[in-house]
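The residues making up each chain are set out below.
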Amino acid sequence: MEFLFLLLAITILIIALSYFAFSKRKKKPYAKKEEKPALVNCPICGSGLQKGQNMFSKVFRPMNVPDQRCVITGCPHCHPICEPGVKRLCPVCGKTIPQDGHLVARLFNKTQRKKHVMIVGCSSCLKNEAK
């Protein structure tokens, strides 16, 4: 008889301990995903672009040459409307690029490697250089 009471007490103790151990581990309803570091930074405003965000640019023909002219108008943070606190600066002359302005660049199509972009200047500094 004493053995049954001892077995019953141990069983109740195990059940109580397991209840308290598992009840304290509550799952968070929806944990926020941490933002991954930016894949690319915008050359105009410097904002980081996440996966799925694209630059607004135009590449001019012909397509089969190793060097093409390219116009970069911005990213979702600075084009068509700038987000608060974002400045559009030219990486060549350092002046502010107007909202309707753009960067002029050369796009190098490397075979078996990534494409390479070299920024020549903005619409304002190239206009001043032509004078």
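## Details of the overall build of the protein chain
(1) Moving on: Of the regular secondary structure elements, the protein chain holds 2 helices and 6 strands.
(2) Moving on: Put simply, the protein chain runs from its N terminus to its C terminus through helices and strands in the order α-β-β-β-β-β-β-α.
(3) Moving on: Considering the protein chain as a whole, with its 131 residues, one finds that 22% of them fall into the buried category.
(4) Moving on: Taking the intrachain contacts of the protein chain between residues at least 6 apart in sequence as the baseline, contacts between residues at least 24 apart amount to 41%.
(5) Moving on: Split by element, the accessible area of the protein chain, about 10900 Å² in all, is 62% carbon and sulfur.

## Details of the sheet that holds strand β3 (residues 56–59)
(1) Moving on: Spatial ordering of the open sheet is given by β3-β4-β5-β6, a layout of 4 strands whose pairing is antiparallel. One side of each edge strand has no neighbouring strand; the edge strands of this open sheet are β3 and β6 (116–122). Neighbour to neighbour, the strand axes of the sheet diverge by 30° on average, direction disregarded.
(2) Moving on: As paired elements, β3 and strand β4 (residues 67–74) share 4 bridges and run antiparallel to each other. In the strand pairing of β4, Ser57 is matched with Ile72.

## Notes on the nonpolar core
(1) Moving on: Of all hydrophobic cores here, the largest spans 16 residues; its most connected members are Ile44, Cys78 and Leu103.
(2) Moving on: The element that contributes the greatest number of residues to this core is strand β5 (residues 103–108), accounting for 3 residues.
(3) Moving on: Once residues lying within four places of it in the same chain are set aside, the contact partners of Cys78 are Cys42, Ile44, Cys45, Val86, Arg88 and Gln99.

## Quick look at the pattern of salt bridges
(1) Moving on: A full pass over the atoms with the stated rule returns 1 salt bridge.
(2) Moving on: For Arg106, the salt bridge identified is with Asp67, shortest N-O distance 2.6 Å. On the criterion of sequence distance, the pair formed by Arg106 in strand β5 and Asp67 in strand β4 is long-range, its members being 39 residues apart.
(3) Moving on: By relative accessible area, Asp67 is classed as partly exposed at 33%.

## Here's the deal with the layout of surface pockets
(1) Moving on: One number sums up the size of the largest pocket: a volume of about 480 Å³.
(2) Moving on: Lining the largest pocket are 14 residues, and of these Val40, Met55, Leu107, Lys115 and Val117 sit closest to its centre.
(3) Moving on: Elements supplying a minimum of two residues to the lining of the largest pocket: β1 (40–41), β3, β4 and β6.

Rules and cut-offs
Residues numbered from 1 in each chain as written. Predicted model: local features only at pLDDT ≥ 70, side-chain atom pairs only at ≥ 80, totals over all residues. Heavy atoms only, no water. Helix = DSSP H or I, 4+ residues; strand = E, 2+ residues; numbered from the N terminus. Buried < 20%, exposed > 50% of the residue type's maximum accessible area, 1.4 Å probe, protein only. Contact = heavy atoms within 4.5 Å. Areas by Shrake-Rupley, 256 points an atom, 1.4 Å probe, with all protein chains shown as cover. Pairing = 2+ DSSP bridges. Axes fitted to C-alpha atoms, helices over the stretch in contact; angles between N-to-C directions. Core = buried A, V, L, I, M, F, W, Y, C linked by side-chain atoms within 4.5 Å. Salt bridge = Lys/Arg side-chain N within 4 Å of Asp/Glu carboxyl O. 1 Å grid on protein atoms, 1.4 Å probe; cavity = no way out; pocket = protein on both sides within 12 Å on 5 of 7 lines; lining within 4 Å. Points joined across faces, edges and corners; volume = space filled by probe spheres on them.

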